[in-house]
Amino acid sequence: MVFDLASVRAQSPGRRIEWYPSVDSTMTEAGRLAAEGAPSGTVVGADEQTAGVGRHGRSWHSELGSGLYVSVILRRQFPPATLPVVTLALGLATREAILTATGLACDLRWPNDLLLQSKKCAGILTVLESSNQRPAIIAGIGINVYHSFFPAELSAIATSLRIESGCIHSRERLLVELLTSIDRYCDRLETEGRASILDAFARASSYVSGRRVAVDQDGSELRGTTAGLNESGFLILRGDDGASRLIVSGGVRPCS
Ligand code: BTN
């Protein structure tokens, strides 16, 4: 389906939106624009990515015309210590956008996987671009929208809005809602502070408390039960050995 960029631009006055039929990764293009000084809120999107990137060096499956693949440049008044919470705020924004545009309520797996029926339908990658005098956060968001199936290696863990709802949802509507929600959650973080985002995340996620999980840390697997978020947005894991540990990067998965 051809992406109706004109309609999104008309609904997003004053916002710079660059759209590509195909690109290696929108993160690369957004990073280049950020280094050139592009303003906060600038969006880079593509119908297809030939080298989409995910967290932990993984690739992001970016089939032509099937997903929403965007990177948003953010120049906000967040102190550097707030960065992990920005990631959580982006997860909440993406959840809100999907709910508003489709009626589907995603679970959030810390720090920022969006799940439907325990399978991933969207993911978020945040990187800092600091080569310009004004550093920027590049928020990369991928949402599986139209996919009707996934390659064998992903089919057990990935899903799409179409698979879960049986409906075709508009990528344009999703993007407009996503940009509105990102602005709203970033404003909330700036005005109300970290605690407000941490509370909202804990309410929206089944993973924050009382969940049995396994996490890969420094080459070994930790198992335990989640026990909330600390004030920086890191996950507290009460290990099976009784010790509490802070999980600072993802790779959390359910276990028995
Ligand atoms: C993850 O869950 O591992 C993060 C996935 C992030 C994917 C998006 S798609 C748009 C942007 N461009 C990329 O190459 N990656 C992000």
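Quantities reported herein were computed from a predicted structural model and do not represent experimental measurements. (Residues numbered from 1 in each chain as written. Predicted model: local features only at pLDDT ≥ 70, side-chain atom pairs only at ≥ 80, totals over all residues. Heavy atoms only, no water.)

Draft legend 1. Main features of the environment of Glu164. Structurally, the position occupied by Glu164 is in helix H4 (residues 161-165). Sequence spacing of Glu164 and Leu116 is 48 residues, and the spatial spacing of their C-alpha atoms is 7.2 Å. Glu164 has contacts with Leu116, Gln117 and Thr159, leaving out every residue within four places of it along the chain. Side chain to side chain, Glu164 and Thr159 meet in a polar contact 2.5 Å long. (Helix = DSSP H or I, 4+ residues; strand = E, 2+ residues; numbered from the N terminus. Contact = heavy atoms within 4.5 Å. Polar contact = N/O pair within 3.5 Å; in protein donor to acceptor, adjacent residues only side chain to side chain.)

Draft legend 2. Looking closely at helix H6 (residues 194-204). Here H6 has its buried residues at Ser196, Ile197, Leu198, Ala200, Phe201 and Ala204. Residues of H6 that are buried make contact with helix H3 (83-102), strand S4 (107-109), helix H5 (171-192) and strand S9 (220-229). (Buried < 20%, exposed > 50% of the residue type's maximum accessible area, 1.4 Å probe, protein only.)

Draft legend 3. Structural view of the environment of Leu235. Looking at the element boundaries, Leu235 is found in strand S10 (residues 235-239). Residue classification places Leu235 among the buried residues on the basis of a relative accessible area of 1%. Leu235 sits 11 residues away from Leu246 along the chain, and the two C-alpha atoms are 5.7 Å apart. Residues in contact with Leu235, not counting those within four places in the same chain, are Trp110, Tyr207, Val208, Thr226, Gly228, Leu229, Arg245, Leu246, Ile247 and Val252.

Draft legend 4. Broad picture of the nonpolar core. Formed by 63 residues in total, the largest nonpolar core has its most connected members in Leu68, Ile98, Trp110, Leu161, Leu175 and Ile182. A total of 10 residues in this core trace back to one element, the largest contributor, which is H3. For this core, the domains that each give at least three residues are domain 1 (5-203) and domain 2 (208-254). Other than its neighbours up to four places away in sequence, Ile98 contacts Gly103, Leu104, Cys106, Leu114, Ala122, Ile143, Leu161 and Leu174. Ala38, Val44, Ile73 and Ala136 belong to the second-largest nonpolar core, a separate cluster that totals 10 residues. (Core = buried A, V, L, I, M, F, W, Y, C linked by side-chain atoms within 4.5 Å. Domains from an automatic or database assignment.)

Draft legend 5. Region of the structure containing the sheet that holds strand S2 (residues 43-46). If you walk across this open sheet you meet the seven strands as S1-S2-S3-S7-S6-S5-S4, and the pairing is mixed. Each edge of the open sheet carries a strand with a single partner, namely strand S1 (17-20) and S4. Ignoring strand direction, the axes of neighbouring strands in this sheet form an average angle of 20 degrees. Relative to strand S7 (residues 136-144), strand S3 (residues 67-74) runs antiparallel, the two being bridged by eight bridges. By the bridge assignment for S7, Ile73 is matched with Ile138. (Pairing = 2+ DSSP bridges. Axes fitted to C-alpha atoms, helices over the stretch in contact; angles between N-to-C directions.)

Draft legend 6. The pairing of S9, seen in detail. Inspection of the sheet shows strand S8 (residues 209-217) paired to S9 by seven bridges, in the antiparallel sense. If you follow Asp216 over to S9, its bridge partner there is Glu221. Relative to S10, S9 runs antiparallel, the two sharing four bridges. When the sheet's bridge partners are listed, Leu229 is paired in S10 with Leu235. The antiparallel pairing of S9 with S10 creates a hairpin that spans five residues between the two strands, and Gly233 there sits at a positive phi of about 95 degrees.

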